[in-house]
Amino acid sequence: MTVDFFISYADDDLTWAEWIGWQLENEGYTIRLGAWDHEIPGGNTVLARDRDLQVAKRLIAVVSASYRLSPHSSAEWTSFVRNDPSGEGLTVLPVEVEPVPRSALLGNLNPVVLHGLPEARAAAVLKRAVSQTRLKPSQQPGFPGRRAPQFPRRVTPAGMRSDTKFLLALLALDGLGFLYGATAYNGDGGSADLKRAAIAIVVLAFTVGTVKRWFTRRF
């Protein structure tokens, strides 16, 4: 007689193993779990474990920090990996119940992650994982409707921007001020010439700052 799943776990993760076994049996799968099947009074635990490893089609590894340190757990999942080294038979299903670094061999297999999920969601994820051999969605994907990517180009605004208009007006005023200063300059170094020179310097500094800000925004 064969069974669907052998649940391999560390002693510290018994509650997780029992929860997983309960979910699967309620879905109609046959399982073997040490606490339920190997510790019957009067039975031989070692022989029962060995027998169930041989008749199970697949193994669920309840992966945690304790599981990685358990020599018995390693012996169980490596016996399945030996018969399916490429993983194409999906005979070993790692189920992560806490965040752990991936091991060298078992880490090559895509895990089912249950930690951090609410119970209903975790049960749904587990049931879907044990029944799937493909990840094709149950509903037709929506039409993307996107064109192929194009090389990005700067878009030129349809009209002249307000900052550009302000800059042009400022340059026009500067031009008028230069003409006025050139025609009204006396050359005697009087107060009027000094005032015009001071005003010209202030306007020039403001214009230069405006040009820099405009250039930064546009380019």
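Colleague: So what's going on with helix 3 (residues 45-55)? Which residues, and what values?
Modeller: Residues of helix 3 that are buried: Ala48, Asp52 and Leu53. Down the axis, helix 3 shows its buried residues gathered within 135° of arc, on one side only. Structural note: helix 3 exposes Val46, Leu47 and Gln54 on the side pointing more than 90 degrees away from its buried face. In the core, the buried residues of helix 3 are packed alongside strand 1 (3-8), strand 2 (31-33), helix 2 (34-37), strand 3 (56-63) and helix 5 (71-83). Regarding helix 3, its N-cap is Asn44, as a side-chain oxygen of that residue lies 3.2 Å from the backbone nitrogen of Val46 further along.

Colleague: Account for the sheet that holds strand 4 (residues 92-96), with residues named and values stated.
Modeller: A sheet is described by the order of its strands in space; here 5 strands give the open sequence 2-1-3-4-5, paired in parallel fashion. One side of each edge strand has no neighbouring strand; the edge strands of this open sheet are strand 2 and strand 5 (112-113). Summarising the sheet, strand 1 and strand 2 pair through 3 bridges and their orientation is parallel. Looking across to strand 2, one finds that Phe5 is bridged to Ile31. The strands touched by helix 3 within the sheet are strand 1, strand 2 and strand 3, with strand 3 carrying the most contacts at an inclination of about 115°.

Colleague: Could you give an account of the pattern of salt bridges, with specific residues and numbers?
Modeller: Overall, the coordinates contain 5 salt bridges when judged by the stated rule. Close ionic contact of Arg32 with Asp52 constitutes a salt bridge, the shortest N to O distance being 3.5 Å. In this pair, Arg32 is assigned in strand 2 and Asp52 in helix 3, connecting sequence segments 20 residues apart. Asp52 gets classed as buried once you look at its relative accessible area, which sits at 2%. We note a salt bridge from Asp52 to Arg51, for which the minimum N-O separation is 3.2 Å.

Colleague: Summarise the pairing of strand 1; cite the residues concerned and give the values.
Modeller: The buried count for strand 1 comes to 5 of 6 residues, which makes it a mostly enclosed element. Pairing analysis gives 5 bridges linking strand 1 to strand 3, with the strands arranged parallel. Bridge pairing in strand 3 links Val3 to Ala56. Taken together, strand 1, helix 1 (residues 14-26) and strand 2 constitute a β-α-β crossover, and its handedness is right-handed.

Colleague: Which residues make up the packing of aromatic side chains, and what values do they have?
Modeller: Across all of its chains, the model carries 2 aromatic pairs by this definition. An angle of 70° between the planes, with centres 5.5 Å apart, marks the rings of Phe5 and Tyr29 as edge-to-face. Separated by 24 residues along the polypeptide, Phe5 in strand 1 and Tyr29 in the loop between helix 1 and strand 2 bring together distant segments of the chain. Judged by relative accessible area, which is 24%, Tyr29 ranks as partly exposed.

Colleague: Can you break down the environment of Leu173 residue by residue, with the values?
Modeller: In this structure, Leu173 sits in helix 7 (residues 162-184). Using a relative accessible area of 56% as the deciding quantity, one classes Leu173 as exposed. Here the alpha-carbon distance between Leu173 and Val203, two residues 30 residues apart in the chain, equals 9.4 Å.

Colleague: Help me get a handle on the confidence of the model for the protein, residues and values and all.
Modeller: With 77% of its residues at a pLDDT of 70 or more, the protein shows a mean pLDDT of 78. Helix 1 holds the highest mean pLDDT among the elements of the protein, 93, whereas helix 7 holds the lowest, 69.

Colleague: For a nonpolar patch on the surface, give the residues involved together with the corresponding values.
Modeller: On the surface, a cluster of nonpolar side chains totalling about 230 Å² of accessible area is made up of Leu168, Leu171 and Val211. Positionally, Leu168 belongs in helix 7. Residue classification places Leu168 among the partly exposed residues on the basis of a relative accessible area of 44%.

What counts and how
- Residues numbered from 1 in each chain as written.
- Predicted model: local features only at pLDDT ≥ 70, side-chain atom pairs only at ≥ 80, totals over all residues.
- Heavy atoms only, no water.
- Buried < 20%, exposed > 50% of the residue type's maximum accessible area, 1.4 Å probe, protein only.
- Helix = DSSP H or I, 4+ residues; strand = E, 2+ residues; numbered from the N terminus.
- Arc of directions from axis to C-beta.
- Contact = heavy atoms within 4.5 Å.
- Polar contact = N/O pair within 3.5 Å; in protein donor to acceptor, adjacent residues only side chain to side chain.
- Pairing = 2+ DSSP bridges.
- Axes fitted to C-alpha atoms, helices over the stretch in contact; angles between N-to-C directions.
- Salt bridge = Lys/Arg side-chain N within 4 Å of Asp/Glu carboxyl O.
- Right-handed = clockwise from strand over helix to strand, strands pointing away.
- Phe/Tyr/Trp six-rings, centres within 6.5 Å; stacked < 30°, edge-to-face > 60°.
- pLDDT = per-residue confidence, 0-100.
- Patch = residues over 30% accessible without salt bridge, like charges linked within 9 Å, V, L, I, M, F, W, Y side chains within 5 Å.
- Areas by Shrake-Rupley, 256 points an atom, 1.4 Å probe, with all protein chains shown as cover.

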